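Topology and contacts: notes
What follows is each chain in one-letter form.
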Amino acid sequence: MTDILLLVGIISILTIDQKDAFQFGISQPIITSVIIGAFTGEYATAIYFGIIIQLMWMGNLQIGASITPSGALGSVVGCIMYTLTAKAYASHLSALLLLTFFYTVGISFIGGQIEVLIRKNNTRFQNAIYKRIAQHKKTVVGWAITKAIIVQWSVNFLFISLFLALGLLILEWLKQPVLLTHAAVWRFADIALMGTGIGMVLSLYKSRKIQYTVALLSLLGILIFKFKLV
Amino acid sequence: MKRYTLYIHIFLRSFFIQGCWNYKGMLAVGFCFTLKPLAKLLYWDDPEKYYGFLKRHLGFMNGHPYFVSYALGASTKIEEMIAKGQGHPEQLQRFKNALVGPLGALGDQLFWAIIKPATFSLGVLFFLLVEDIQYRVGFIIFMGVLYNVPHLYIRIKGFKNGYQQGFNIYKFLKIENYKSMKRFYVSIVVLSLAFTIGYVGANWNAGNAVSIAVLLSSILIARYLRAEKGRSILALTVPAILSLIIGITL
């Protein structure tokens, strides 16, 4: 339990990189999944989820003031859930992947709405600075940014903790009914999710030239990997 | 404070430019925070002008977080001119407003739509091909370099060019000026996606015909719903639901 809280605390700090500070790209699911793998000792499982979820959110551009789903936060929750419950669902891993994925998508959209509230709260900090400037008092611009980042970190921490607990509860509740289904029912889930991720990235490019090049090279790729030409 | 120390301060503070992003001023608080050392240098002994400086940089400002360094450099130059009596604060605010569109469009187009997908889709491909955790961790460092070299380059070059050009900085804010960078990263994203499709199609579920059909249809459905219809939720969920239906029926 303490380990998981520590992990959530650290990951919450990394998710600050998504929008609020630095923006070095360290909050990407493929990177956070390695950290989750290191903490849980389940590298392969965590990274597998990270790989599949990584491509999903790159098609959502954070343009101007637009609200995009909070993919980084949702992915972290999903990755920890998937890693912690993989053993319990060992015979139905594709089912677990699909359930975790749907949960991740759902909470990512909730995360996007929470972001709206945080941005509104930040307006209060800006108004407070205006007030101090008008009164010629010592300005606290840096302190406003520090407070905004602390609020963001706290919200990220609470978001991940609460939705992780809820998600684990839901997976526990769904375990019996899912394990009763035939595993073959879920067998195309992994490949469909991978395809969805690739489609989401491709949606960024309208150029026919890019689309045709990807199509042609992917045929070549299938041949290369199918017949182990390299 | 020496000039170059001041510029380093501004550069380091620019990493927090989105720290207090809000609907009223958008990047305003971060922009003001970043330029505050300049205010101290120019007007520390004149409270009226000092607070006037802070107030005008708390006005509306937005842009891509990396590309906004062009505006920071140009604003630094113009503020120094204003302090020497060679410019007017109103001009500066109009100039900043005019930069909002180009800074956002260029950054979104170059970073969010090309460099970020290129870097991390290459990461996905590498992670699929190589299972050794040591190599994977090593590749994370490589991804960090691949993503952050252009990131830091834009931040540094943006501030430098902005400072040198002042009001003329808009000439640099064209995608044509980043053609080679764009071409390089588009090649990476094309190759990564194509070989990811190739690898997954050939290996997952033993590469049987149904699996390849599910993969290709998922790609096309997600792409169509996201790009043509703008329906993100459907794009994310429809292929998964279809895969379940196929799994039940076959």
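Residues numbered from 1 in each chain as written. Chains lettered and ligands numbered in written order. Predicted model: local features only at pLDDT ≥ 70, side-chain atom pairs only at ≥ 80, totals over all residues. Heavy atoms only, no water.

Attention now moves to the overall build of chain A. The helix and strand tally for chain A stands at 8 helices and 0 strands. The linear arrangement of helices and strands in chain A, starting from the amino end, is α-α-α-α-α-α-α-α. Principal-axis analysis of the C-alpha atoms gives chain A an extent of 75 × 50 × 25 Å. Here chain A holds 230 residues, and the buried ones make up 57% of them. Long-range pairs, those at least 24 residues apart, make up 76% of the contacts in chain A between residues at least 6 apart in sequence. (Helix = DSSP H or I, 4+ residues; strand = E, 2+ residues; numbered from the N terminus. Buried < 20%, exposed > 50% of the residue type's maximum accessible area, 1.4 Å probe, protein only. Contact = heavy atoms within 4.5 Å.)

Here chain B averages 95 in pLDDT, and 100% of its residues register 70 or above. For this predicted complex, the interface confidence score (ipTM) comes to 0.95, while the overall pTM stands at 0.95. (pLDDT = per-residue confidence, 0-100.)

What follows is about unusual backbone geometry. One non-glycine residue, His136(A), lies in positive phi territory at about 55 degrees. Relative to the helices and strands, His136(A) resides in the loop between helix 5 (93–134) and helix 6 (141–180). Residue His136(A) is classed as partly exposed on the basis of its relative accessible area, which comes to 36%. Even without being glycine, Met26(B) reaches a positive phi, approximately 55 degrees.

Before going further, it helps to spend a moment on the interface of chain A and chain B. Every contact between the two is made by 88 residues of chain A and, on the other side, 94 residues of chain B. Here chain A packs against chain B, burying approximately 8,000 Å² in sum over the two surfaces, 74% of which is carbon and sulfur. The largest per-residue losses of area from chain A upon contact with chain B belong to Phe188(A), Ile191(A) and Phe225(A), which jointly make up 9% of the total buried on that side. At the boundary of chain A with chain B, the tally comes to 0 salt bridges. Sorting the residues of the side of chain A that touches chain B by element identifies helix 2 (29–40), helix 3 (43–54), helix 5, helix 6, helix 7 (189–202) and helix 8 (208–226) of chain A as the ones contributing at least two each. Tallying contributions element by element places helix 5 of chain A first for the side of chain A that touches chain B, with 16 residues. A breakdown of the residues in the side of chain A that touches chain B according to their chemical character gives 55 nonpolar, 23 polar and 10 charged. (Buried area = accessible area lost by both parts, 1.4 Å probe. Salt bridge = Lys/Arg side-chain N within 4 Å of Asp/Glu carboxyl O. Nonpolar A, V, L, I, M, F, W, Y, C, P; charged D, E, K, R; others polar.)

Within the largest apolar cluster, 149 residues are counted, with the highest numbers of intra-cluster contacts made by Met194(A), Phe67(B), Val68(B), Leu103(B), Phe111(B) and Phe127(B). No other element matches the 18 residues that helix 5 (residues 89–129) of chain B contributes to this core. Residues contacting Phe111(B), with those up to four places away along its chain left out, are His64(B), Tyr66(B), Phe67(B), Lys116(B), Pro117(B), Tyr147(B), Pro150(B), His151(B) and Ile154(B). (Core = buried A, V, L, I, M, F, W, Y, C linked by side-chain atoms within 4.5 Å.)

This next bit is on the packing of helix 6 (residues 133–165) of chain B against helix 7 (residues 179–203) of chain B. Helix-helix packing is characterised by the crossing angle of the two axes and by the distance between the axes. Residues and elements named next belong to chain B. Two numbers describe how helix 6 lies on helix 7: the axes approach to 13 Å, and their chain directions differ by 160 degrees. The orientation of helix 6 with respect to helix 7, classified from their angle, is roughly antiparallel. In this structure, helix 6 meets helix 7 at a crossing whose hand is left-handed. Across the interface between the two elements, Leu146, Pro150, Tyr153 and Ile154 of helix 6 pack against Met181, Phe184, Tyr185 and Ile188 of helix 7. For the contact of helix 6 with helix 7, the per-class residue count stands at 8 nonpolar, no polar and no charged. (Axes fitted to C-alpha atoms, helices over the stretch in contact; angles between N-to-C directions. Parallel < 35°, antiparallel > 145°, perpendicular 65-115°, else oblique. Left-handed = near helix turned anticlockwise from the far one by under 90°.)

Moving on: the packing of aromatic side chains. Taken as a whole, this structure holds 30 aromatic pairs over all chains when the rule is applied. Centroid distance Tyr7(B) to Tyr163(B): 5.2 Å. Interplanar angle 55 degrees. Geometry classified as tilted. Taken together, the positions of Tyr7(B) in helix 1 (residues 3–13) and Tyr163(B) in helix 6 put the pair 156 residues apart, joining distant regions of the chain. Residues Phe120(B) and Tyr147(B) carry aromatic rings whose centres are separated by 5.9 Å and whose planes lie at 45 degrees to one another, so their mutual orientation is tilted. Residue Phe120(B) is found in helix 5, and its partner Tyr147(B) is found in helix 6; the two are separated by 27 residues along the sequence. On the basis of relative accessibility, which here comes to 2%, the residue Tyr147(B) falls in the buried class. Of the aromatic side chains, those joined through ring pairs into one cluster are Tyr66(B), Phe67(B), Tyr70(B), Phe111(B), Trp112(B), Phe120(B), Tyr147(B) and Tyr178(B). Seen from the ring of Trp21(B), Arg119(A) lies directly overhead, with NZ or CZ sitting 4.3 Å from the centre. (Phe/Tyr/Trp six-rings, centres within 6.5 Å; stacked < 30°, edge-to-face > 60°. Lys NZ or Arg CZ within 6 Å of the ring centre and 35° of its normal.)

Together, Leu6(A), Ile10(A) and Phe39(A) make up an exposed nonpolar region whose accessible area comes to about 240 Å². Position of Phe39(A) relative to the elements: it lies in helix 2. (Patch = residues over 30% accessible without salt bridge, like charges linked within 9 Å, V, L, I, M, F, W, Y side chains within 5 Å. Areas by Shrake-Rupley, 256 points an atom, 1.4 Å probe, with all protein chains shown as cover.)

Residue and element names in this part refer to chain B. Mapped onto the elements, Ala83 comes out in helix 4 (residues 68–83). The exposure class of Ala83 is partly exposed, given its relative accessible area of 36%. Considering only alpha carbons, one finds Ala83 and Tyr224, 141 residues apart in sequence, at a separation of 54 Å. In contact with Ala83, other than residues within four places in its own chain, are Leu42 and Tyr43.

Moving on: the packing of helix 2 of chain A against helix 4 (residues 71–85) of chain A. Residue and element names in this part refer to chain A. In contact at an axis separation of 10 Å, helix 2 and helix 4 are set at 35 degrees when each is read in the N-to-C sense. Pair helix 2 / helix 4 crosses with right-handed handedness. When helix 2 is examined against helix 4, the residues Pro29, Thr32, Ser33, Ile36 and Thr40 are found in contact with a partner set consisting of Ser75, Val76, Cys79, Ile80, Thr83 and Leu84. Of the residues in the contact of helix 2 with helix 4, the class split is 6 nonpolar, 5 polar and no charged.

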